[in-house]
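Below, each chain spelled out in residue letters.
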Amino acid sequence: MNRFNWRDVSFILVLLCFTVSHNLQGQSDTSRGKKKYFGSIQSGALIGCRDCEVSRDVTFSFQTTHGVQMVNRARAGISVGFDAYPQWQAVPLQASVSYDVIGKHNPIFVDANYGWGWAWRPAGEAEPGFHSDRGGQSSSFRLGYRSTQDKISVAKVVGYKEQSVEADYRFVIDSPNVPPATVTLEEKLKALSLLLAVGW
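Figured I'd write up the structure that's included with this text. The shown structure was predicted, so the numbers you read here are calculated from the model rather than taken from an experiment.

Thresholds, definitions, all that
As a convention, each chain's residues are numbered from 1 in the sequence order in which they are written. With pLDDT at 70 or above as the cut-off, local features in this predicted model cover only qualifying residues; side-chain atom pairs require 80 or more to be listed or tallied, and sums for whole chains, interfaces and linings still use all residues. Computation of side-chain values covers all heavy atoms of the structure but excludes hydrogens and water. Put simply, DSSP marks the helices as runs of H or I at least four residues long and the strands as runs of E at least two long, and each gets a number from the N terminus on. Burial here depends on accessible area, computed with a 1.4 Å probe over protein chains only, as a share of the maximum for the residue type. Under 20% is buried, over 50% is exposed, and the range in between is partly exposed. Here a residue-residue contact requires only that any non-hydrogen atoms of the pair lie within 4.5 Å. Method for areas: the Shrake-Rupley scheme with a 1.4 Å probe, in which residue coverage is limited to the protein chains shown. Definition of a polar contact: a pair of N or O atoms within 3.5 Å, with one able to donate and the other able to accept a hydrogen when the atoms are protein atoms, and with sequence-neighbouring residues admitted only if both atoms are side-chain atoms. When DSSP finds two or more bridges between two strands, those strands count as paired. Patch building starts from residues that exceed 30% relative accessible area and form no salt bridge, then joins like charges within 9 Å and nonpolar side chains (Val, Leu, Ile, Met, Phe, Trp, Tyr) within 5 Å. Whenever Lys or Arg places a side-chain nitrogen within 4 Å of a carboxyl oxygen from Asp or Glu, that contact is recorded as a salt bridge. For Phe, Tyr and Trp, where Trp contributes only its six-membered ring, two rings pair if their centres lie within 6.5 Å, and the inter-plane angle classes them as stacked under 30 degrees, edge-to-face over 60, or tilted in between. Two thresholds decide whether a charge sits over a ring: the Lys NZ or Arg CZ must be within 6 Å of the ring centre and within 35 degrees of the ring normal. Only buried residues count toward a nonpolar core, which is a set of Ala, Val, Leu, Ile, Met, Phe, Trp, Tyr and Cys residues joined through side-chain atoms within 4.5 Å.

Quick look at the overall build of the chain
Phase 1: Assigned secondary structure in the chain consists of one helix and nine strands.
Phase 2: Of the regular secondary structure in the chain, the N- to C-terminal order runs α-β-β-β-β-β-β-β-β-β.
Phase 3: Here the chain holds 200 residues, and 40% of them are scored as buried.
Phase 4: For the chain, long-range pairs separated by at least 24 residues make up 59% of all intrachain contacts whose partners lie at least 6 apart in sequence.
Phase 5: Of the roughly 12,100 Å² that the chain leaves accessible, carbon and sulfur atoms contribute 60%.

Structure, rendered in structure tokens:
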């Protein structure tokens, strides 16, 4: 089974970001100032654990969001990213909404992201009986502080992220006329996210 590597993921993200930002900028320009385009790039750490009494895992997360500012405090857009979990990797594509709760120029904000994540196990094919893998629903909820200067904003964000994944394992039973047995393992990956975001 062919798998993404980091070069494939990077190319897809850059291409998608360019296309989305170009379209949204065109839409905002024709709205006579009623809707303002925004974009951001976020990267940082995912902190999670499968057995928290033994150890915690620190991995990498990247996300870029592009959309429009609907009113003074609310924003809506589309986000795409790359999340590296200890045994899984995922590319989530999500709808994103954000609201500035406190403050105007340097606000405290909350945002929510929900969509679908394509996921795969990098070492899956080396596991006995491994047959296939796939992603599922993806979501995140976050709290952040954003400061802006000269139309460039920097935000510190903390949040919670979930990603549903499944893996199929097929085992041959040593008995005549008995088909292979397939076992599906379902898992919900959960992690705390600590991100630094740069926006415009």
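What about the side chain of Asp168?
Phase 1: Relative to the elements of secondary structure, Asp168 occurs in strand β8 (residues 152-171).
Phase 2: Of the polar contacts made by the side chain of Asp168, one reaches the side chain of Thr184; its length is 2.7 Å.
Phase 3: When neighbours within four sequence positions are excluded, Asp168 is seen to be in contact with Gly129, Phe130, His131, Ser132, Arg134, Thr182, Val183 and Thr184.

Focus on the pairing of strand β1 (residues 36-48)
Phase 1: Relative to strand β2 (residues 57-69), β1 is paired through 13 bridges, and the arrangement is antiparallel. Paired with Tyr37 across the two strands is Val68, which belongs to β2.

As for the environment of Ser153
Phase 1: Within the fold, Ser153 resides in strand β8.
Phase 2: For Ser153, a relative accessible area of 11% corresponds to the buried category.
Phase 3: Each C-alpha atom, one on Ser153 and one on Ser40, is 8.6 Å from the other, the two residues being 113 residues apart in sequence.
Phase 4: If we ignore the near neighbours within four places in the chain, the residues touching Ser153 are Arg146, Ser147, Thr148, Ala197, Val198, Gly199 and Trp200.

Re the pairing of strand β7 (residues 136-149)
Phase 1: Of the pairings in the sheet, the one linking strand β5 (residues 108-120) to β7 comprises 10 bridges and is antiparallel in character. Looking at the pairing, Asn113 lines up with Ser140 of β7.
Phase 2: Summarising the sheet, β7 and β8 pair through 12 bridges and their orientation is antiparallel. The partner of Ser138 across the bridge, within β8, is Gln163.

Remarks on a nonpolar patch on the surface
Phase 1: Judged by side-chain polarity, Tyr99, Val101, Ile102, Ile108, Val110, Leu143, Tyr145, Val158, Leu192 and Leu194 come together as a nonpolar surface patch covering roughly 820 Å² of accessible area.
Phase 2: Where the nonpolar patch is concerned, the elements lending two or more residues are β4 (89-102), β5, β7 and β9 (181-199).
Phase 3: Looking at which element gives the most residues to the nonpolar patch, the answer is β4, with three residues.
Phase 4: Note on placement: Leu194 falls in strand β9.

Section: the packing of aromatic side chains
Phase 1: By the definition in use, this model includes one aromatic pair.
Phase 2: Cation over ring: Arg75 sits above Phe38, and NZ or CZ is 4.8 Å from the ring centre.

With respect to the nonpolar core
Phase 1: If you look at the biggest cluster of nonpolar residues, it comprises 11 residues: Leu46, Tyr85, Trp88, Ala90, Ala119, Phe130, Val165, Ala167, Tyr169, Leu189 and Ala191.
Phase 2: The set of elements that each furnish at least two residues to this core consists of β8 and β9.
Phase 3: Tallying contributions element by element places β8 first for this core, with three residues.
Phase 4: Leaving out residues up to four positions away in the same chain, Trp88 has contacts with Asp83, Ala119, Trp120, Arg121, Pro122, Asp133, Arg134, Val165, Glu166, Ala167, Glu187 and Leu189.

As for the pattern of salt bridges
Side chains that differ in charge, positive against negative, can pair when their charged atoms come close.
Phase 1: Inspection of every chain in the model, using the stated rule, returns seven salt bridges.
Phase 2: Residues Lys161 and Asp83 are paired through a salt bridge, measuring 3.4 Å at the closest nitrogen-oxygen approach. Note that Lys161 is positioned in strand β8 and Asp83 in strand β3 (residues 74-84), a separation of 78 residues in sequence.
Phase 3: Taking the relative accessible area as the measure of exposure, Lys161 reaches 3% and is therefore buried.

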